[in-house]
Amino acid sequence: MGALHILWKLQLILCFTQFGKYYVSASDSVCDSVCDIKTKWRVDCYPETVPSVEQNCESRGCCYKPVMGNDNVPWCYYPSNYASYSLSKISNTSYGYTGLLNIQSPSPKHYGKEISWLSLDVIFERKDRLHFRLRDANNSRYEVPISTPIVKKAADYPFMYDLKLEHDKFGIIIKRKSSGTVLFNSTIAPLIYFDQFLQISTSLPSTNVYGLGERHEDLLIDTNWKRLKFWARDQPPHENANLYGDHPLYIAVEDDGNAHGVFLLNSNAKEIELQPAPALTWRMVGGIMDFYVLLGPTPEMVVQQYTSIVGKPFLPPYWSLGFHLCRWGYESSNNTWDIVKKMRAASIPQDVQWNDIDYMSKYLDFTYDPVAFDTLPNLVSDLHQNNQHYVMIIDPGISDTQSSGSYSAYDDGIATNIFINDSRTLKPIEGVVWPGKTVFPDFTHPAIDVYWEKQLRMYHSKVPFDGVWIDMNEPSNFVHGSTSSCPNNLYENPPYVPHVNGHSLADRTLCSSSKHFKYYHYDVHSLTGLFEMKATSKALINIRKKRPFIISRSTFPSAGLYGGHWSGDIVSTWHDLKQSIASLVNFNMFGVPLVGADICGFGGDTTEELCIRWMQLGSFYPFSRNHNALTSSGQAPVDFSQETQDIMRKTLNLRYSLLPYLYSLFFSAHATGGTVAKALFFEFPLDKIALKIDTQFMWGNALLISPVLEEKASSVRAYFPKGNWYYLTGVFGKPIKTEGEWINIDAPLSNIPLHIRGGCIIPSQYPAITTAESRRNPLSLLVAPDEFGIAKGELYWDDGDSLDTLESNLFMHVLFTLKDNKLTSHVVSALRDEELVLSKVTVLNVHTPITAVYVNNIRETFQIGEFNILQFGCSLNLSKSFHIKWQ
């Protein structure tokens, strides 16, 4: 027995209780004090599942105490006197504090090499944002290579937070200054910092915790011993799985309605364990501890503070907000073209046609099948002539089995050494994807932009696509690690593997020891999708000289800078219909507002009813695309009966009429870093019912969407938070005044319940079958007064496709205000060369008897309808301020 183990055995004795035995230090009284920890506060000292917990618990110096009938509660947990780090030195800096931590006494080496000395940086970046890092004091370690703010000088006082550092047993405690609420408290468990196992815990101020993705689960995270895993994976979405993306941000709503966020910038494999204290524990297998605490105090402000770190969302082209149609299995360009023609003939709105991998020749990127898809260039030309657009799929796996000189994507990659290498041979590591044996571009390589743009540019010269769909970029691999297996080393078999699906970091992907230009795959695996998005965005900008449009399956913080996301291979079930709402709300929290799910489901066969309800919901996804799998039956709108086509046309027309409002929301997200689609609690954080709702959501602060999510249902039990609401669909304009109430809303198969919130003004436009045609139509305003007769709204408008319109001031931005029976506009910025006309105004719930309406002092005719709806026509150039009053 080694000296270190003897030391630990001397510190431990076996204690017996009525619950069983557990290991602690010294005596019964000490047993009571150091192991007498309430069950809900136990922090797991043995997160592995095998081998035997009891024996390993003893060797780790932890308490062992079974809880019969509840295997989720840790039986092995840290005693209160577990050795940790002490803060031995602290100094003031221009940005905050720097400190030095050292381990109080060595821990058992069950996780390999322990880091004895840590450096602490505390950076007061903004009054609402605190940043702290814990790193190896003596050796450099991998850090995530994305751009974040470099702050060299502390923000000016006063801060929204108070900070306390515990010295003897290091801990960091952060409180909200205004309320005293503890937002972060790491003293609840020891800090653990090994080379390949890092762990830190914190208490939570409430159980209202959201975010932490990518997940296919309820919006509100279960804090009853819930473990979440983070490691990008080709994994069809289901509960309790690590999916395509890695987003280690949570937002918590405190009991008083204030909200805060905590973001861990770490791309290694990791997991979070939530417990009912409430508290959570982060475990990472590499990198550093790099935390940001965001003070809100509203959920929307938390997201804005988060995107101030990782980057604000890009402004999508206007056409990309139209309806997209795709399937895997068109089989030919002519079949694809036929669907487009049928959609036009049926007058069903469609802006974008897509192709899945069946368009390729032998599944080779940057090619198209010269036989089955011989007319693809003609199809794309026809789309462009009809103001429509084309998007195709690209996978990161590049075939390495084509004859020399015949496939530039491979030949150019070899010439520039652009591929990820096998660490044993320093030659491209080989996997298997759709074309067979493949190699993989290293999107962290400094030459990747030139290589990637060349391949896309050559293909664009043949097929002038408008956007790119990047799939399989976790990266996915159909064999474990590589075609020649993986080496046996600490990258492949680290001392601890988070409970990821497949039980191995190389499962369905590359060997973790694979060598990138500067990094190991172990560190940058989950960044593949992000860096491919970045390279693709740069290439599209250079090729098309217009705004890029990119949809990616795998994402990481900063993805919203470059594109959007769809939720992957969901199936045609009512369950996945419902779960899609939480997904789109979560990604808005993650700074990726252009998000949606495959309408009607990807896998399996839909039903006519399910597809109708999904088209109704999907018409309000920020990114709206119908897509399904090779073996599934057709589910385009024109694949159904005339009655169903009529319903789908109606719901898409509703979307298209609201695109000026949706586009304005994207402008706001781009300018401020906020959300487009959001959960109800974002607007109503004090409403205890709203905190739990994930069957409804909102566009901005104005539009409440309450879809039908159950089979054969003809009504929706919808929740209306406190305030005034008005029917937008169904009985138009009917008012609802509530203190917070569940209401049954009629929802026949032809209708999705939509309601506008009192206090809001929504711009709209008469719809057409493409956004280009819709944009030529005059605009309308829908005004919904609150209980005081006040309402506000805004409109952002530009040409919809040019680069940097905001930065170049090539846009219109108009603010609308209703007060005292006066509707006015304030032009923040006006268009120089385009006249946008307002032709109609609708004001809901006008109580005052109306005798006259004046538009810029000119009397106009008007109508008063049911529910006191005031309507009148006008012809106003929105580039000029107006004032409208009635009396």
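You'll find the structure just up there.
What counts, and at which threshold
Residues numbered from 1 in each chain as written. Predicted model: local features only at pLDDT ≥ 70, side-chain atom pairs only at ≥ 80, totals over all residues. Heavy atoms only, no water. Helix = DSSP H or I, 4+ residues; strand = E, 2+ residues; numbered from the N terminus. Rg over C-alpha atoms; globule rule 2.2 N^0.38 Å. Buried < 20%, exposed > 50% of the residue type's maximum accessible area, 1.4 Å probe, protein only. Contact = heavy atoms within 4.5 Å. Areas by Shrake-Rupley, 256 points an atom, 1.4 Å probe, with all protein chains shown as cover. Lys, Arg positive; Asp, Glu negative; His and termini not counted. Charge placed at Lys NZ, Arg CZ, Asp CG, Glu CD. Pairing = 2+ DSSP bridges. Expected span 1.5 Å × (residues − 1). Arc of directions from axis to C-beta. Core = buried A, V, L, I, M, F, W, Y, C linked by side-chain atoms within 4.5 Å. Disulfide = S-S within 2.5 Å. Axes fitted to C-alpha atoms, helices over the stretch in contact; angles between N-to-C directions. Parallel < 35°, antiparallel > 145°, perpendicular 65-115°, else oblique. Left-handed = near helix turned anticlockwise from the far one by under 90°. Nonpolar A, V, L, I, M, F, W, Y, C, P; charged D, E, K, R; others polar. Phe/Tyr/Trp six-rings, centres within 6.5 Å; stacked < 30°, edge-to-face > 60°. Lys NZ or Arg CZ within 6 Å of the ring centre and 35° of its normal. Salt bridge = Lys/Arg side-chain N within 4 Å of Asp/Glu carboxyl O.

Caption draft 1: Geometry of the overall build of the protein chain. Looking only at helices and strands, the protein chain has 16 helices and 51 strands in total. The C-alpha radius of gyration of the protein chain comes to 29 Å, within 12% of the 29 Å expected for a compact globule of 887 residues. Once the C-alpha set of the protein chain is aligned to its principal axes, its extents read approximately 95 × 70 × 55 Å. Counting the 887 residues in the protein chain, one finds 63% classified as buried. The long-range share in the protein chain, meaning contacts at least 24 apart out of those at least 6 apart in sequence, stands at 70%. For the protein chain, the accessible area works out to roughly 31100 Å², and carbon and sulfur atoms hold 51% of it. Counting 77 positive and 90 negative side-chain charges, the protein chain places the centres of these two groups 5 Å from one another.

Caption draft 2: Seen up close, the sheet that holds strand β34 (residues 697-699). Read across the open sheet, the 6 strands follow the order β33-β34-β35-β40-β37-β38; overall the sheet is antiparallel. On the outer flanks of this sheet lie β33 (677-678) and β38 (735-738), each paired with one strand and no other. Two strands pair when backbone bridges link them, and β34 and strand β35 (residues 703-705) are joined in this way by 3 bridges, in the antiparallel orientation. When the sheet's bridge partners are listed, W699 is paired in β35 with L703.

Caption draft 3: Broad picture of helix α5 (residues 333-345). The terminal C-alpha atoms of α5, which comprises 13 residues, lie 18 Å apart, in line with the 18 Å expected from a rise of 1.5 Å per residue. Of all the positions in α5, only S333, T336, W337, I339, V340 and M343 are classed as buried. Buried residues in α5, looked at end-on, bunch into an arc of 155°, giving them a common side. Just beyond α5, the residue with positive phi is S347, at close to 55°.

Caption draft 4: Spotlight on the nonpolar core. With 183 residues, the main nonpolar core has F697, W699, L703, L823, I884 and W886 as its most contacted residues. Listed in part, the 46 residues of the second largest apolar core include F132, V209, L212 and Y250.

Caption draft 5: Layout of the sheet that holds strand β26 (residues 436-439). Spatial strand order, β24-β26-β25: 3 strands in an open sheet with antiparallel pairing. A strand with exactly one partner marks an edge of an open sheet, and here the two such strands are β24 (398-399) and β25 (431-433).

Caption draft 6: Seen up close, the state of the cysteines. This model, assessed by the stated rule, comprises 5 disulfides. Between C45 and C62 runs a disulfide, and the two sulfur atoms are separated by 2.1 Å. Taking the sign of the S-S torsion, about 65° here, the bridge from C45 to C62 comes out right-handed. Here C45, found in the loop between α2 (28-35) and α3 (53-59), pairs with C62, found in the loop between α3 and β3 (63-64); they are 17 residues apart in sequence, far enough to count as distant. With no disulfide of its own, C326 lies 13 Å from the sulfur of C600, the closest cysteine sulfur.

Caption draft 7: Spotlight on the environment of H460. By secondary structure assignment, the location of H460 is in helix α8 (residues 448-460). In this structure H460 comes out as buried when scored by relative accessible area, which is 18%. On a C-alpha basis, the gap between H460 and W886 in space is 55 Å, while along the polypeptide they are 426 residues apart.

Caption draft 8: Region of interest: helix α7 (residues 408-416). By the burial criterion, the buried members of α7 are A409, D412 and G413. Seen from one end, α7 has its buried residues packed into an arc of 100°, which puts them on one side. Looking at the buried residues of α7, the elements they touch are β24 and α8. Two residues or fewer after α7 comes N417, characterised by a positive phi angle close to 55°.

Caption draft 9: Main features of the packing of α7 against α8. Running from amino to carboxyl end, α7 crosses α8 at an angle of 160°, the nearest separation of the two axes being 10 Å. Taken together, the axis directions place α7 and α8 in an arrangement best described as roughly antiparallel. Here α7 runs over α8; the crossing is right-handed. Residue-level contacts link S408, A409, D412 and G413 of α7 to Y451, K454, Q455 and M458 of α8. Looking at the contact of α7 with α8 residue by residue, the classes come out as 3 nonpolar, 3 polar and 2 charged.

Caption draft 10: Spotlight on the pairing of strand β51 (residues 883-886). Here β51 shows a buried face lined by I884 and W886 and an unburied face lined by H883 and K885. Here strand β45 (residues 822-829) pairs with β51 via 3 bridges, running antiparallel. Note on β51: the bridge partner recorded for L823 is I884. In terms of strand pairing, strand β47 (residues 853-855) meets β51 through 3 bridges, oriented antiparallel. What sits directly across from V855, in β51, is I884.

Caption draft 11: Looking closely at the packing of aromatic side chains. Scanning the model with the defined rule gives 51 aromatic pairs in all. Arranged with centres 4.0 Å apart and planes meeting at 20°, the rings of Y210 and F681 form a pair that is stacked. Taken as a pair, Y210 in strand β14 (residues 209-213) and F681 in helix α15 (residues 680-683) lie far apart in primary sequence, 471 residues in all. Across the pair, exposure class does not vary: Y210 and F681 are buried alike. Between W354 and W469, the ring centres sit 5.3 Å apart and the planes meet at 65°, which makes this aromatic pair edge-to-face. Taken as a pair, W354 in strand β22 (residues 352-355) and W469 in strand β27 (residues 467-470) lie far apart in primary sequence, 115 residues in all. Judged by relative accessible area, which is 0%, W354 ranks as buried. Among the aromatic residues, ring-to-ring pairing joins Y318, Y663, F667, Y796, W797 and F811 into one connected group. Over the ring of Y520 we find K515, and its NZ or CZ is 5.1 Å from the ring centre. Between the NZ or CZ atom of R625 and the centre of the ring of W566, over which it lies, the distance is 5.3 Å.

Caption draft 12: Representation of unusual backbone geometry in the model. Residue P278 is bonded to the preceding A277 through a cis peptide linkage, with omega at 5°. Its location among the elements puts P278 in the loop between β18 (270-275) and β19 (279-284). That bond from E474 to P475 is cis: its omega, 0°, falls within 30 degrees of zero. By secondary structure assignment, the location of P475 is in the loop between β27 and α9 (521-524). Of note in the backbone geometry, K545 takes a positive phi value of approximately 60° without being a glycine. Within the secondary structure, K545 is located in the loop between α10 (528-544) and β28 (550-552). Phi at D804 takes a positive value of approximately 55°, unusual for a residue other than glycine. Mapping D804 onto the fold places it in the loop between β43 (791-797) and β44 (812-819).

Caption draft 13: Looking closely at the environment of V841. Tracing the sequence through the fold places V841 in strand β46 (residues 837-843). When the C-alpha positions of V841 and I884 are compared, they lie 9.9 Å apart, and in sequence the two are 43 residues distant. Apart from residues no more than four positions distant in its own chain, V841 is found in contact with L781, V783, L823, L870, Q871, F872, C874 and I884.

Caption draft 14: Local environment of the pattern of salt bridges. Evaluation of the coordinates by the stated rule reveals 40 salt bridges. As a salt-bridge pair, R553 and D569 come within 3.9 Å of each other at their nearest N and O atoms. Highlighted residues: R553 in the loop between β28 and β29 (564-566) and D569 in the loop between β29 and α11 (574-589), separated in sequence by 16 residues.

Keep in mind these values describe shape, not function.
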